[in-house]
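The chain contents come next:
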Amino acid sequence: MTSNTSSDDSVFASADRRLFLKRGLQLGGAALLGGPLLAACGSSGSSSASTPSSSSSGAKSFGELTLRLSWIKNVEFAGSYIADTKGYYTAEGFSKATLIGGGPTATPMETDVVTKKALVAISSPDITGAAVAKGAPLKIIGAQYQKNPFCIMSMAKTPITKPEDLYGKKIGVQASNESVWAAFVKAAGLDASNITKVPVQFDPLPLTQGTVDGWFSFVTNEPNSLRLKGFQVATMLLADAGYPLVSETYCVRQDTIDKQRDLLKAFLRAEIKGWKASIADPTLGAQLAATQYGKGLGLTTSEQTLESKGQNALMVSADTKKNGLFTVTDTLIAENIKTLKFGGLDLTAAQLFDFSLLEEVYKEDPSLI
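What you see is a predicted model; the values in this text were computed from it and never measured.

Colleague: Is there a simple way to think about the overall build of the chain in this case?
Modeller: Along the chain, the regular secondary structure elements total 17 helices and twelve strands. Sorting the 369 residues of the chain into buried and exposed places 55% on the buried side. Considering only contacts in the chain between residues 6 or more positions apart, those separated by 24 or more positions represent 80%. Total accessible area on the chain is roughly 14,500 Å²; 53% of this is exposed by carbon and sulfur atoms.

Colleague: What am I meant to see in the side chain of Thr 305 here?
Modeller: Along the polypeptide, Thr 305 turns up in helix H13 (residues 301–315). A relative accessible area of 12% means that Thr 305 is categorised as buried. Other than its neighbours up to four places away in sequence, Thr 305 contacts Thr 283 and Ala 286.

Colleague: Just to check I follow, could you spell out the packing of aromatic side chains for this structure?
Modeller: Aromatic ring pairs are described here by two measures, namely the spacing of the ring centres and the angle between the planes. For the structure shown, the criterion picks out nine aromatic pairs. Look at Phe 150 and Phe 218: their rings are 4.8 Å apart centre to centre, the planes differ by 85°, and that puts the pair in the edge-to-face class. Taken together, the positions of Phe 150 in strand E7 (residues 150–155) and Phe 218 in strand E10 (residues 214–218) put the pair 68 residues apart, joining distant regions of the chain. Here the two residues Phe 150 and Phe 218 agree in accessibility, since each one is buried. For the pair Phe 353 and Phe 355, a centre-to-centre distance of 5.6 Å together with 20° between the ring planes defines the contact as stacked. For the pair shown, Phe 353 and Phe 355 are each scored as buried. Of the aromatic side chains, those joined through ring pairs into one cluster are Phe 150, Trp 181, Phe 184, Phe 216 and Phe 218.

Rules behind the numbers
- Residues numbered from 1 in each chain as written.
- Predicted model: local features only at pLDDT ≥ 70, side-chain atom pairs only at ≥ 80, totals over all residues.
- Heavy atoms only, no water.
- Helix = DSSP H or I, 4+ residues; strand = E, 2+ residues; numbered from the N terminus.
- Buried < 20%, exposed > 50% of the residue type's maximum accessible area, 1.4 Å probe, protein only.
- Contact = heavy atoms within 4.5 Å.
- Areas by Shrake-Rupley, 256 points an atom, 1.4 Å probe, with all protein chains shown as cover.
- Phe/Tyr/Trp six-rings, centres within 6.5 Å; stacked < 30°, edge-to-face > 60°.

So, in structure tokens, the structure goes:
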């Protein structure tokens, strides 16, 4: 989406995003691994970041950083904006940072990494997993969101707080989200015949009018849109109801892990610093999104601040406080692999995840935790 001119438009922006994400998953085999891309997978051409060199002072120079974002330049990428603005990338040895925006018409994130248009892409395990299952040489090296942002939104006066509350209810589900809905129903052990799934678009007005009892949405988007209009809503995260799946994950090529570990660790250090600053001050990234990086998209600082606060809650957990941002425990990894199976992806943890870089980063500099 190229413009947002109202809070309603922000709802449609998030709608297009989920349609885009689903298309990325569906096109995992075709779009990500067509003939040209299969050739690119084995190409020995130069990567998107130059080979690191040493300056006269001995500091490494990694050249340009190219980071592919999973969506338009809203506050979802606050930590990267802060890392760029405060010079964390350049301090780590990058000459500049190019943040490549996404959107409903953009190529899948994984495609840009496979073809070396981007060094790193922000994606999700289901989309990256679909590409890996088809042979893409990719790995996830970190996860911003410890909890998946999908939720069931309901009106506060009649809240849906646990999976069993869905029985006997009418739930608005968008066509592009039906695969996630179906996987959630299976993961939560629910009987779909006891729930009325109502086909809807993305404007949650039917929920406020009582046409449906619940609404499938991102916890950081539609609920905030309704709150800004004065409605009181409740949310039930799928992650708290039998569907644990990390999100906003860092996706890279396997050969980058093998050959450019120092470069990737430099990137992760800069991202950690940027996100720590965002968590400490949710308004910082919101202002950068509305006035600089997403300027012209019709974003407002007030709505972006609400989203920033909401995503911080998805990022920080007792485990990240102990182990550091972007880390994922072995238990949560196992839960993710199990969740992916409900969606038809049969992968091992070793095929999809590699958190060794983060382990090295925090071991080398515990102050980053």
